[in-house]
Amino acid sequence: LLMPLRVVQKPAHRCIRALKAVQTEHVVPQVYTRRSSSAPVPRITSHYTICPRDKDPRWEGVEMERFADEADVVIVGGGPAGLSAAIRLKQLANQHEKELRVCVVEKASQIGAHTLSGACLEPSALNELIPDWKDRGAPLNTKVTEDRFAILTEKYRIPVPILPGLPMNNHGNYIVRLGHFVRWLGEQAEELGVELYPGYAASEDIFERGMELHAKVTVFGEGCHGHLAKQLYKHFNLREGCEPQTYAIGLKELWLIDEKKWRPGRVEHSVGWPLNRNTYGGSFLYHLNEGEPMVALGLVVGLDYTNPYLSPFREFQRWKHHPSVVPTLEGGSRIAYGARALNEGGFQSVPKLTFPGGALIGCSPGFMNVPKIKGTHTAMKSGMLAAEAIFSKLTDENLQSDTAGIHVPSYEESLKNSWVWKELRSVRNIRPSFHNYFGLYGGMVYTGIFYWILRGKEPWTLKHAGLDAAQLKPAKECTPIEYPKPDGKISFDLLSSVALSGTNHEHDQPPHLTLKDDSVPVAQNLAVYDGPEQRFCPAGVYEFVPLESGEGMRLQINAQNCVHCKTCDIKDPSQNINWVVPEGSGGPAYNGM
């Protein structure tokens, strides 16, 4: 079984350990119980972050000796940012006739298998990175031909014109299956000599020692709310001076529809129903041209919502029954499902990007343009800029480093002088403008006045509401939401949906969903918020079930269902859940999501 990598600091090097492990206990599902305030709570979490290795008998007799290997740059995460960084590094090395070993480690079993996005791709960064991408067969098969936007009420669709210059204008963009695009980027990287290691997860430590990769610089492109990035923020105080990151959850399905209803190149977005005016979010419906009548559709829900009874998954299923949506899907078949979190903090929430021995790129620090609902182009550009700064530093004949790992502050300087920073700054107030009495409608008015007219040049910067985890109201202050039963044709239940994600985790690995305190789920989350984790999770991982004695409830964690969206780590009101990487290759197996 492939186990996670470890990132550690060594003199003059940043070390990444790629290791294999054997674990014999059966650990799924996890169960957390609390019968009364005085009853002891059994320790169930077996992960090393909760159960230290020096006190864990499973570590007795483990051989600690490792094989070590050297690399110049190690990139954690084989997504658009990480692969763009790798490609740019090797382009520069080949151009200047320099030897440079670049390794990319990716936790998915295949490059692109954990990638999920809408996705409507703006090709600006791709044009810079690989100008001849068309000749190289990049899977950008669907150019946007039609742009539609609307406000939905429960029964009606109100069209809204997309004026030139507004963020939702998709002229010149492409509808893509991002997983396929990422796989293609991986192929371009390998052609240049980049070493790709799929099936290796980046963590803090593992069970059995294996190979060790030493690198002068480690680039972290883990994606949204990365496990290692969380640790780096704390260790290097990288979030000092910026606002807390705010997030959304995006849920997506792929459908094959009646060819008569297929409009390749059409892009549709909406706001409003089924969400109320004070819940940020919206939907997308994209018609792909992939040789068969396919559409990609989904719902994005801001994780700063306040009602603990809200279920993003069930809101998505309900949205599909809107009179403007259901005709497209009738007679069709659903072929894929998935979910992931996305950064929405934007300009105000970007942390420090560099530290001795490493740098943050892509969705790990968060460069998504929220009103555009696009982050791939900015993620790619950040990886390219990091690569250029790192290459310049590594090839400096007069290089002297005062720290154990090479520090590349010029990357952050370059990014703040690039079109990425200009773009993020221009839309910085759109997302926080929705925090007003009129919610959605107040935010739309603000966008129309201050963005369309002033292009974000207003002399103030609005603040976000704070941590998403702190926004939930107690259940007693909220009204339960009654969701319709799925019909099995347009809307579906949770478990049949997760089955379409290809998700799998080995049952003999330490559960990657850990609790800091086993008593909190029942004593706090269930008692105060009526157990919101059983609703905000899009994969049925968390459920509260009665004790056999009938004297209370217990939390059951079905870790094998996890699609790696990280929503639980973000939205848990007690901040008691700590998502850590599972075994390498574990998780969803998306095909072009």
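Rules of the game
- Starting afresh in each chain, residues are numbered from 1 along the sequence in its written order.
- Residues qualify for local features only when their pLDDT is at least 70, as the model is predicted, and side-chain atom pairs are given and counted only at 80 or more; totals for whole chains, interfaces and linings, by contrast, use all residues.
- Excluding hydrogens and water, the side-chain figures rest on all heavy atoms present in the structure.
- Numbering of helices and strands runs from the N terminus, with a helix taken as a DSSP run of H or I at least four residues long and a strand as a DSSP run of E at least two residues long.
- Exposure is judged per residue with a 1.4 Å probe applied to protein chains only, and the accessible area is read against the type maximum: over 50% gives exposed, under 20% gives buried, and values in between give partly exposed.
- A contact between two residues is defined here by any heavy atoms of the two lying within 4.5 Å.
- Reported accessibility uses the Shrake-Rupley method at a 1.4 Å probe radius. Residues are deemed covered only where the shown protein chains occlude them.
- Polar contacts here mean pairs of N or O atoms no more than 3.5 Å apart (in protein, one a potential hydrogen donor and the other a potential acceptor; neighbouring residues in sequence count only if both atoms are side-chain atoms).
- Each axis is a line fitted through C-alpha atoms, and for a helix only the stretch in contact is used; angles between axes span 0 to 180 degrees, taken between their N-to-C directions.
- Two helices crossing with the near one rotated counterclockwise from the far one by less than a right angle form a left-handed crossing, whereas a clockwise rotation gives a right-handed crossing.
- Basically, the charged four are Asp, Glu, Lys and Arg, the nonpolar ten are Ala, Val, Leu, Ile, Met, Phe, Trp, Tyr, Cys and Pro, and anything else, Gly included, counts as polar.
- Only when DSSP finds a minimum of two bridges between them are two strands counted as paired.

Q: For this particular structure, what's the right way to read the overall build of the chain?
A: The number of helices and strands found in the chain is 14 helices and 24 strands. A total of 593 residues make up the chain; the buried ones form 61% of that total. Nonlocal contacts in the chain, meaning residues at least 24 apart in sequence, comprise 80% of its contacts between residues at least 6 apart. By element, 50% of the accessible surface of the chain is carried by carbon and sulfur atoms, the whole surface being about 23700 Å².

Q: Mind showing me how you'd approach the environment of K571 here?
A: Structurally, K571 can be placed in helix α14 (residues 567–571). A relative accessible area of 0% places K571 in the buried class. Ignoring any residue separated from it by four or fewer positions in sequence, one finds K571 in contact with L303, D304, Y305, D468, A469, Q471, L472 and F536. Reaching out from K571, the side chain makes a polar contact with the backbone oxygen of L303 at a distance of 2.7 Å. Within the local environment of K571, its side chain forms a polar contact with the backbone oxygen of Y305, the two atoms lying 2.8 Å apart.

Q: What is the right way to read the packing of helix α1 (residues 80–95) against helix α7 (residues 376–394) from this model?
A: As a packed pair, α1 and α7 sit with axes 7 Å apart at the nearest point and diverge in direction by 35 degrees. Taken as a pair, α1 and α7 cross one another with a handedness that is right-handed. Mapping the contact onto sequence places P80, A81, S84, A85, R88, L89, L92 and A93 in α1 and T376, A379, M380, S382, G383, M384, A387, E388, I390 and F391 in α7. A class-by-class count of the residues in the contact of α1 with α7 yields twelve nonpolar, four polar and two charged.

Q: How should I be thinking about the sheet that holds strand β7 (residues 142–143) in this particular structure?
A: Either a parallel or an antiparallel arrangement is found when strands of a sheet pair, and the pairing is made through backbone hydrogen bonds. Across the sheet, which stays open at both edges, the three strands sit in the order β6-β10-β7 with antiparallel pairing between neighbours. A strand with exactly one partner marks an edge of an open sheet, and here the two such strands are β6 (120–121) and β7. Of the strand pairs in this sheet, β7 and strand β10 (residues 174–175) are connected by two bridges, and their pairing is antiparallel. Residue pairing for β10: T142 is matched across the bridge by I175.

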